[in-house]
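# Coordinate inspection notes
The lines below spell out each chain.
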Amino acid sequence: MSDLETFRRETRAWLEANCPASMRTPMTGDDDVCWGGRKWTFKSTDQRLWLERMAERGWTAPDWPAEYGGGLGKDETRVLREEMDRIRARPPLHSFGIWMIGPAILRFGPEHLRRQHLPPIVRGEIRWCQGYSEPGAGSDLAGLQTRAEDRGDHFIVNGQKIWTSHADRADWMFCLVRTNPDAKKQAGISLVLFDMNTPGVSTRPITLISGSSPFCETFLDNVRVEKDQVVGEVDQGWTIAKYLLTHEREMIGGFGRTAAGARTVGEQAVEAVGLEDGRLADELLRGEVARWEMDARAFELTAERARAEARAGQGVGNSSAMLKYYGTELNKRRHELLMALNGSDGLLWQGKDGHDGALARQWLRSKGNSIEGGTSEIQLNIIARNILGLG
Amino acid sequence: MSDLETFRRETRAWLEANCPASMRTPMTGDDDVCWGGRKWTFKSTDQRLWLERMAERGWTAPDWPAEYGGGLGKDETRVLREEMDRIRARPPLHSFGIWMIGPAILRFGPEHLRRQHLPPIVRGEIRWCQGYSEPGAGSDLAGLQTRAEDRGDHFIVNGQKIWTSHADRADWMFCLVRTNPDAKKQAGISLVLFDMNTPGVSTRPITLISGSSPFCETFLDNVRVEKDQVVGEVDQGWTIAKYLLTHEREMIGGFGRTAAGARTVGEQAVEAVGLEDGRLADELLRGEVARWEMDARAFELTAERARAEARAGQGVGNSSAMLKYYGTELNKRRHELLMALNGSDGLLWQGKDGHDGALARQWLRSKGNSIEGGTSEIQLNIIARNILGLG
Amino acid sequence: MATLVLTEEQQMLKDSARGFLQENAPVSAMRRLRDEGDPDGFSRATWAAMVEQGFAGTLIPEAHGGFDFGHVGMGQIQEEAGRTLTASPLLATAIVGACALVHAGTEAQQQELLAPMAAGELLTALAVDERPRHRPELVHTRAEYNGAGYTINGCKSFVIDGHVADRLIVTTRTSGECRGRDGITLFLVEPGLPGVEIVPMVTVDSRRAAEVRFNDVEVPAGAVLGHVDEGADVLDRVLAVANAHLAAELLGIAREAMDRTLQYLRERRQFGVTLGSFQALQHRMAQLFSEIELLQSAVLAALSALDEDDAEAEALCSVAKARACTVAELATNEGVQLHGGMGMTDEFDIGLFLKRARAAQQTYGDDRHHADRFARLRGY
Amino acid sequence: MATLVLTEEQQMLKDSARGFLQENAPVSAMRRLRDEGDPDGFSRATWAAMVEQGFAGTLIPEAHGGFDFGHVGMGQIQEEAGRTLTASPLLATAIVGACALVHAGTEAQQQELLAPMAAGELLTALAVDERPRHRPELVHTRAEYNGAGYTINGCKSFVIDGHVADRLIVTTRTSGECRGRDGITLFLVEPGLPGVEIVPMVTVDSRRAAEVRFNDVEVPAGAVLGHVDEGADVLDRVLAVANAHLAAELLGIAREAMDRTLQYLRERRQFGVTLGSFQALQHRMAQLFSEIELLQSAVLAALSALDEDDAEAEALCSVAKARACTVAELATNEGVQLHGGMGMTDEFDIGLFLKRARAAQQTYGDDRHHADRFARLRGY
């Protein structure tokens, strides 16, 4: 029996023994997600136990080096994922620490930050948020206004960040600041880390057109940031930011993929509009539903192909821009279609049999897909320049 | 009885007496059009008579000043048109002289060119063609390469023109040439006139994707052009060219308008695809036909509104760019729809019951609509800058 | 020949409606109603002022206290109300209700109702839909003759102004198949009658609609509006009118969304230049501009065809509404996208246009419904 | 799980097909055939060389002289033939004919026909359409049992390679309604039989198709392909295969049209800069690129589903063909438009892609047909 098979057998047994039954049921909504952090209230004992047990083995970040996380190899990590999928185990932890700032610190250092920050991330003790966008800057990160003034052993940071997800629930922020006001745009930017409890940090949630949201504005008013909390080198934050943005784009690119078990648009159409002689009762909508479903199928296959090509080492590298662009536009079309299919039911906001306007709110929220994480226009620019050689 | 009513009565009587019966039947194709000129062969005695009689009164260009043309006022010209429409009289003459270079000479002079060129235009004796576009220049007239070298009393012109309609059948050309190679792009261009029989002028017809065409390439090889054949002033041709381009755009903007009596797309759809239970047998095409017909109706109404606004003195002035853009795109969509409706019949090129591929050739020809007379992209630029104030 | 350019009188009405609405019912007023959770969803005071301006009587004959100013005139008010997102009983009472009564009401019904409607004192609501997607000929609600009058049973959804109406105009089936044109009868029903149950709800545009249930509701024979079993023709007319005016409102929404977006593109700078200098955005805005120009022509033609009782009127109303739906959808989607993240926040107004647009689109049939209807009218 | 990345073997086949076609059958060769008015519409010599390459036997089992290389393999040849606009009997014989015989042929029929087909010596043609728009279940052509065999009467249009075929595969009705699935029977008919009349015509892509008329054509009972009255299932399979490979060809056309347009935009200068520097054109090309990427995935998935006899195969073939139609239409229209006036001249190649694209689109159903089919397969 190969080492990998041994690992699989042991992992399977460990998961069977340690993953609580309630953590093997499908998550029914945002409430079931575990984000951890100092302010976290576990939704159940099982949720706490499951995190603690996985964190103890470092399996919340299984492919990180052993000194900070799980220390599993690429194949072992895959096996762990497969075994977790087999029993439909929930992810023990959702974390911008694991997805974003952790990999960046791992890659860009310095070492003392790895030792300080990675273990608490793995244990789910510290929850992170990101401070990138600023009001007035939009997609233009190079226009960054937040300034960090050099005061010898520390910086004093002043400015305002926007679109900070869960800033009001996070413990630490990774934040882009301008450390050199004289350097030209992209240069002179640094990525710094600070505790959200630092005096001068305040947050305000943003109400979206769809209602309340996880996004906040974050105000930085003479915030003291130690100099040893710079990721990579001072003035080299731009490179790290680009690295992180690509990560983010890949996460968002999943839009338009049908969640397993979710009802298809076709099924929803049949339910909303009904069949007559075996065909959708509204013939113009029928054509639109078919065209959307065909596009969505081709998109799913393309995301699958991109993954297969990446495995085969043929990835075009820039396919993430295309997937981000197409997936988000497709998702917006899907919601327009659902609104049309549901007619006046889609317009409900409050009232009538406890209907909470979920359809309309999701439709409105989808409009942001093609703005956040780099607008569709930015993705098209990237495709034209980097792939098609126009410009 | 007002003067205008007297004029109407007399005109009606004159037309009744002088317009031959065969010139009151609808034109069935390009063959029925009379272009005149030295090389013209009349298709019938009636065609010749009708031109001669109208030309004698100067009514081929009724609103030109009496010394060159008809000398009718604006109202009288309208009455003449109405009376011609009443008996469905064919236009006695199609002429780039009347539509384009004549008005330009009238407006920009000089006087000796008016006296030389306008009367033969009115009489249909000289047929004109235009030398604007050059290979390699596309929509960018300022990139003009044809050079006119100053030789004292004349220029020597060298260069190549393209998209010259009917150059092989025309007698004279009005032609944009660069008279000052040092001036910046738009400056240093002149509009000159020369006889197509001048040594060094040769033409070659252009085959389009749709088959043979009225367009030619025209080669200018050391062509002598007298200096008194400059319209307006030397180096001021740009202004005149812009004036003429607007004229051309207005002519082309008529695309998408349904010719009176022509079968609608809906009727053609019923014929090609058939009805089942009172609906078009192909339900996806049915939706597309309905959407196209609705768009076309809205476009017709918009063209009508633009004319009504112009009459009311409210014209936005720039509406011609919008009409040109939308009308040509609509016409392209119409032909794609007709191709789809007619399935394999639309693919015919030669053979089968004398079918000559008219559908396919018209479809292919329609692709040029959004290129000639300023591309759709140019029209959108104009709308964005001149109307919307973007840029 | 359609009126494609406003007469001086119509232009004056439009300008004065614009001035009035911008002053008395700007977007901020709509926002305030929403935030205060106003149970009516519109301001009674603003409505009174609109009535003062004569808006309520625009389609009502002078003999009944109205101004008989015609559909082109009313359409101008609607377009301006689209620009300001003004919620009011204009659609349900002054357009739909007035048209139904003028078109099909008996002398007695007109005498009783039109004057108070023109005075803004009596509100109406059309109860027609039974399924989420508009399909007016699908009528399950039954009215059965009971010897003296009729007994109505059934349920209607998305009844605009159902929560405030003084008179419901209800489509019922008195005979025939539930999908057929024949056998539809319209009734005027007082909402206070025993068995009428009204459940209000808030819609995405912060307006109100109601579900209205009829449980053995007894109405007198004189409550029939028009002729028994022949209500479909009246309905065609009423819905054509409603859709032409919804198209006018959507035209206003589209124009306002475009204007605000253009303003933003001209001012907002990114990468050192204004957003408006990016050619890709220029072309999209130029395309949107063109679509709106065509919409305006279609709306004017539909309204004037209604005024002139043109044979093409119903087809033109469907052209106008179908185009209004697609163009307003484009204009509001482009608006949010080009405002970027700011467009996603509730703080900016652009999202409010998005919300109202979809509600107006779905009201009495969206572009698919009207494309289908147009095709049927054209015989294919 | 679909094969979305080519195996090494498949990639080699693609590369060699590309090399072969670019060398032996470039666009200029197609132009020459056209200008010379070749009565076949393809080059017999090129076809012989393609057979030499093994192309004709790609879908034929080894037992019958083929290579059994599968649909993914054949699809790569088709994609490359799309890039070079190569006309040949590949579709009618090596794809449609081979699939029909492999799928439904008796042992005897396979023995007789497959080996010569793999050797390129026997050509077939599918006679299915009776109306200009593809509608395979509408069959008026009748085959009546005459005691010994069948008598066929009817007329088929747009029979690709009908002018050169050695064997016609004909859909007929042996029972049932003219629109029904039941009662369709396929026959193998020799074109030389009395009563068969073949009228060739030139299509817009400079290829040939024929109208084929059957006047009391008598065929033996052994000419039935598959089972009497149950031809619709065979037809489903054959047409799904044909459409997957037409989609592969259209993918090649779209990619080549895009590549040539990109080349033009990179080189051509206007207003002092390259056309490719205009953002509006950049965005349009980026959108086209994205659409083509999705098309490629759909084509690969359809082909590999056919190889694996996946239950979703027919739906995926319709997805691929529908998308191929819309994307090739977009790519070729953008190609001509962005080449400007030059794109309108016969001298430039881009217009040839436009012409072939529309012909391939309409062959065996365009995007509307396949969207409708997809919806039916999905149960709505």
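Residues numbered from 1 in each chain as written. Chains lettered and ligands numbered in written order. Predicted model: local features only at pLDDT ≥ 70, side-chain atom pairs only at ≥ 80, totals over all residues. Heavy atoms only, no water.

## Here we look at the overall build of chain C
Basically, it comes down to this: Each helix corresponds to a stretch of at least 4 residues labelled H or I by DSSP, and each strand to a stretch of at least 2 residues labelled E; elements are numbered beginning at the N terminus. It is over C-alpha atoms that the radius of gyration is taken, and the globule rule equals 2.2 Å times the number of residues to the power 0.38. To sort residues, take the accessible area from a 1.4 Å probe on protein chains only and compare it with the maximum for the residue type: under 20% means buried, over 50% means exposed, and anything in between is partly exposed.
What chain C contains, in helices and strands, is 12 helices and 10 strands. The C-alpha atoms of chain C give 21 Å as radius of gyration, which agrees with the globular expectation for 380 residues (21 Å, within 12%). Dimensions of chain C along its principal axes, counting C-alpha atoms only, are 80 × 50 × 40 Å. When the 380 residues of chain C are sorted by exposure, 69% land in the buried category.

## A few points about the interface of chain B and chain D
Basically, it comes down to this: Two residues qualify as a contact provided that any one of their heavy atoms is within 4.5 Å of a heavy atom in the partner residue. Defined here as a combined quantity, buried area equals the accessible surface (1.4 Å probe) lost by two parts on assembly, summed across both. Should a side-chain nitrogen of Lys or Arg be within 4 Å of a carboxyl oxygen of Asp or Glu, the pair is scored as a salt bridge. Whenever two N or O atoms come within 3.5 Å, that pair is a polar contact, provided that in protein one can donate a hydrogen and the other can accept it, and provided that, for residues adjacent in sequence, both atoms are side-chain atoms. Note on residue categories: nonpolar means Ala, Val, Leu, Ile, Met, Phe, Trp, Tyr, Cys or Pro, charged means Asp, Glu, Lys or Arg, and polar means any other residue, Gly included. Any two strands between which DSSP finds at least two bridges are classified as paired.
Contacts between chain B and chain D engage 50 residues on the former and 41 residues on the latter. In total, about 3700 Å² of surface goes out of reach between chain B and chain D, with carbon and sulfur atoms giving 59% of it. There are six salt bridges connecting chain B and chain D. Linking E276 of chain B and R179 of chain D is a salt bridge whose minimum nitrogen-to-oxygen distance equals 3.6 Å. Here chain B and chain D share 19 residue pairs in polar contact (both at pLDDT 80 or more) between them. For the side of chain B that touches chain D, the elements supplying multiple residues, two or more each, are β3 (154–165), α7 (265–273), α8 (283–311), α9 (319–341), α10 (343–346), β11 (348–350), α11 (358–366) and α12 (376–387) of chain B. Per element, the largest residue contribution to the side of chain B that touches chain D is five residues, and it comes from α9 of chain B. For the side of chain B that touches chain D, the per-class residue count stands at 22 nonpolar, 14 polar and 14 charged. Where β11 of chain B and strand β6 (residues 196–203) of chain D come together, two bridges link them in antiparallel fashion. The residue bridging L348 of chain B from the neighbouring strand is T203 of chain D, located in β6 of chain D.

## Concerning α9 of chain B
All names here are of chain B. Put simply, the test is: Expected helix span is taken as 1.5 Å per residue step, with the number of steps being one fewer than the number of residues.
Its 23 residues give α9 an end-to-end C-alpha distance of 32 Å, which sits within 8% of 33 Å, the value for a rise of 1.5 Å per residue. Extensive coverage of α9 is indicated by the burial of 20 of its 23 residues. At the C-terminal side of α9, G343 shows a positive phi close to 45°.

## Structural notes on unusual backbone geometry
With an omega of 0°, the peptide bond running from G109 of chain A to P110 of chain A counts as cis. Within the secondary structure, P110 of chain A is located in the loop between α4 (96–108) and α5 (111–122). Look at N222 of chain A: it is not a glycine, yet its phi comes out positive at around 50°. Judged by its relative accessible area of 48%, N222 of chain A is partly exposed. Its identity is not glycine, yet Y364 of chain C carries a phi of approximately 60°, on the positive side. Tracing the backbone through its elements, the reader meets Y364 of chain C in the loop between α11 (350–362) and α12 (367–377). Judged by its relative accessible area of 3%, Y364 of chain C falls in the buried class.

## Some details on the interface of chain C and chain B
Counting residues at the interface gives 43 residues for chain C and 38 residues for chain B. Of the charged contacts in the structure, one is a salt bridge between D367 of chain C and R291 of chain B, with a shortest N-O distance of 3.0 Å. At the boundary of chain C and chain B, one finds 18 residue pairs in polar contact (both at pLDDT 80 or more). Looking at the side of chain C that touches chain B element by element, the count peaks at 16 residues for helix α8 (residues 279–308) of chain C. Taken together, the residues that form the side of chain C that touches chain B break down as 19 nonpolar, 14 polar and 10 charged.

## As for the domain arrangement of chain C
Residues and elements named next belong to chain C. For clarity, the threshold we go by: Note that domain bounds follow an automatic or database assignment of domains.
Along its sequence, chain C is carved into domain 1 (8–122), domain 2 (125–230) and domain 3 (232–377). Counting residues at the interface gives 23 residues for domain 1 and 30 residues for domain 3. Roughly 2200 Å² of surface becomes buried between domain 1 and domain 3 when both sides are summed, with 66% attributable to carbon and sulfur atoms. The largest contributions to the domain 1 side of the interface with domain 3 come from R31, H71 and R83, which together make up 27% of the buried area. Taken together, the links from domain 1 to domain 3 amount to five salt bridges. The partner of D349 in a salt bridge is R31, and the shortest N-O contact between them spans 2.8 Å. Applying the counting criterion to the domain 1 and domain 3 interface returns 11 residue pairs in polar contact (both at pLDDT 80 or more). If you tally residues by element for the side of domain 1 that touches domain 3, the top one is helix α4 (residues 70–84), at 10 residues. Here the side of domain 1 that touches domain 3 is built from residues that sort into 12 nonpolar, seven polar and four charged.

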